[in-house]
Amino acid sequence: MTQNILVVGGAGYVGSHVSKALAGQGYLPVVFDDLSAGHEWAVQWGPLEVGRLADRDTLRMAMEKHRPAAVMHFAGLITVGESVADPSKYYRHNVIDTLVLLDVMREAGIKKIVFSSSAAVYGAPETTPIPENHPLCPTNPYGETKLMVERILHDYAVAYDIQSVSLRYFNAAGADPDIEIGEAHDPETHLIPLVLEAALGTREEIKIFGTDYPTHDGSCIRDYVHVSDLADAHVAALKYLANKEASIAGVFNLGNGAGFSVKEVIATAQQVTGYDISVSVADRRAGDPAILVADSTKARAELGWTPRFESLDQQVLHAWNWLKKSP
Ligand code: UFG
């Protein structure tokens, strides 16, 4: 029998790719989203229930109607700078609303959840690549909210037998290779889509935030991971939880273990698109660590996760194909 999975925030960038991957593996993704940042066009593989996470009754009704076997949670605010300027908004949406979700799950007897966490839980790295047992020391409220939810999930496993996997993404990149869905943030703050907009000519230039970092070319290094590979990891996490009887709150890094600098990303985009890209140098962006690269050995070994699109060229190409067609 087809299992329903409640995909909270499933109309967004990562959530929509996960919905597609779930459908491809025989699950029915039921998207619960308030469409504040997500898009109705991104919900293509199952029903859409429009509602706010904070609205307990709507959420309860969605769970009663669809009886999901598990929940996947992507709904949350994601802009680091905004979280510094308005922490109240971030703690409310990312932490308090998640508590509502978990409590409604408990009432409905749903015991399994996959949570969208972030490399931001580590803060400035002490070692590279970063393993899961690296100290957790977020440098902004966004990262704090992700860490708080991880800790809540740990306590809920112990006390209420809620089984969870938190997936700490590094830099999500690319788009569905079939170009059915892709990244569409408003405002867009992420490097790859901004660079590609500069290539397309819908943005004048790309600003490099700092060229005086202690890296080989002075610009920041990140570990870009294809959004469809992230999606596969979520399905793997669901299967991992399905086989667990004991209470568990697992955490896994998701990255490729290879870092690319901002300048290398721009050069790749120039080569993939064939367009010149205007570049200027700006001040460092507050709170950016010089290098963030994942050690994802654990996800590969325990979840059986095998990324399909490790090359930056492919990630940039898929993002480019999407940008040219996006609504
Ligand atoms: N960058 C620029 N110019 C831009 C935009 C970004 O030089 O116009 C640089 C940033 O300074 C950074 C790199 O490109 O060095 C990547 O920046 P992104 O904003 O694309 O991504 P981040 O690494 O800041 O953030 C990502 C996720 C966050 C998450 C964080 C984990 O998007 O949600 O990783 O640390 F919190």
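Basis of the calculations
- Residues numbered from 1 in each chain as written.
- Predicted model: local features only at pLDDT ≥ 70, side-chain atom pairs only at ≥ 80, totals over all residues.
- Heavy atoms only, no water.
- Helix = DSSP H or I, 4+ residues; strand = E, 2+ residues; numbered from the N terminus.
- Rg over C-alpha atoms; globule rule 2.2 N^0.38 Å.
- Buried < 20%, exposed > 50% of the residue type's maximum accessible area, 1.4 Å probe, protein only.
- Contact = heavy atoms within 4.5 Å.
- Areas by Shrake-Rupley, 256 points an atom, 1.4 Å probe, with all protein chains shown as cover.
- Core = buried A, V, L, I, M, F, W, Y, C linked by side-chain atoms within 4.5 Å.
- Domains from an automatic or database assignment.
- Near = heavy atom within 4 Å.
- Polar contact = N/O pair within 3.5 Å; in protein donor to acceptor, adjacent residues only side chain to side chain.
- Nonpolar A, V, L, I, M, F, W, Y, C, P; charged D, E, K, R; others polar.
- Salt bridge = Lys/Arg side-chain N within 4 Å of Asp/Glu carboxyl O.
- Buried area = accessible area lost by both parts, 1.4 Å probe.

1. Brief notes about the overall build of the chain
For the chain, the count of helices and strands is 10 helices and 14 strands. A compact globule built from 327 residues should have a C-alpha radius of gyration of about 20 Å, and the chain, at 19 Å, falls within 12% of that. Taking the principal axes of its C-alpha atoms as reference, the chain extends roughly 55 × 40 × 40 Å. The proportion of buried residues among the 327 residues of the chain is 53%. Within the chain, contacts between residues at least 6 apart in sequence are counted, and of these 78% link residues at least 24 apart. Split by element, the accessible area of the chain, about 13900 Å² in all, is 51% carbon and sulfur.

2. Describing the nonpolar core
If you look at the biggest cluster of nonpolar residues, it comprises 35 residues, and the most contacted ones within it are Ile5, Val14, Leu22, Met72, Leu167, Leu254 and Leu303. Of all elements in the fold, only strand S1 (4–8), helix H1 (13–24), strand S4 (70–73), strand S6 (163–169), helix H7 (227–242), strand S11 (249–254) and helix H9 (297–303) reach the threshold of two or more residues within this core. Here this core spans two domains, and each of domain 1 (4–173 + 226–254) and domain 2 (191–223 + 257–325) adds at least three residues to it. Ignoring any residue separated from it by four or fewer positions in sequence, one finds Val14 in contact with Phe74, Tyr169, Val227, Leu230 and His234.

3. Here we look at the site of the ligand
Around the ligand there are 21 residues in total, and His190, Lys207, Arg222, Arg285 and Asp288 lie nearest to it. Within the backbone of Leu191, one N or O atom sits 2.8 Å away from an oxygen atom of the ligand. The separation between an oxygen atom of the ligand and a polar main-chain atom of Phe209 is 2.9 Å. Protein coverage of the free-state accessible area of the ligand, which is 690 Å², stands at 90%. Tallying contributions element by element places strand S8 (residues 206–209) first for the shell around the ligand, with four residues. Residue classes in the shell around the ligand are distributed as 13 nonpolar, four polar and four charged. Taken domain by domain, the makeup of the shell around the ligand includes at least three residues from each of domain 1 (4–173 + 226–254) and domain 2 (191–223 + 257–325).

4. Digging into the pattern of salt bridges
Opposite charge on two side chains permits them to pair, given that their charged atoms come into close proximity. What the rule picks out here adds up to 17 salt bridges. Measuring nitrogen to oxygen at the nearest pair gives 2.8 Å for the salt bridge that ties Glu82 to Lys89. Under the relative-accessibility criterion, Glu82 is labelled partly exposed at 29%. The exposure class of Lys89 is partly exposed, given its relative accessible area of 30%. A salt bridge links Asp288 to Arg222; the shortest N-O distance between them is 3.7 Å. Separated by 66 residues along the polypeptide, Asp288 in the loop between strand S13 (279–282) and strand S14 (291–292) and Arg222 in strand S9 (residues 221–222) bring together distant segments of the chain. Arg222 gets classed as buried once you look at its relative accessible area, which sits at 9%. Shared partners join several salt bridges into a network, and the residues in it are Lys20, Asp176, Asp178 and Glu180.

5. Notes on the domain arrangement of the chain
Entries for the chain in the domain assignment read domain 1 (4–173 + 226–254) and domain 2 (191–223 + 257–325). Placing a centre on the C-alpha atoms of domain 1 and another on those of domain 2 gives a separation of 24 Å. Counting the surface lost from both domain 1 and domain 2, the interface buries some 2200 Å², and carbon and sulfur atoms represent 64% of this. When the area that domain 1 buries against domain 2 is broken down by residue, the three leading residues are His226, Asp229 and Phe252, summing to 25%. Connecting domain 1 to domain 2 are one salt bridge. Here domain 1 is connected to domain 2 by 11 residue pairs in polar contact (both at pLDDT 80 or more). The set of elements that each furnish at least two residues to the side of domain 1 that touches domain 2 consists of strand S7 (171–173), H7 and S11. For the side of domain 1 that touches domain 2, the residue count by class is 15 nonpolar, seven polar and three charged.

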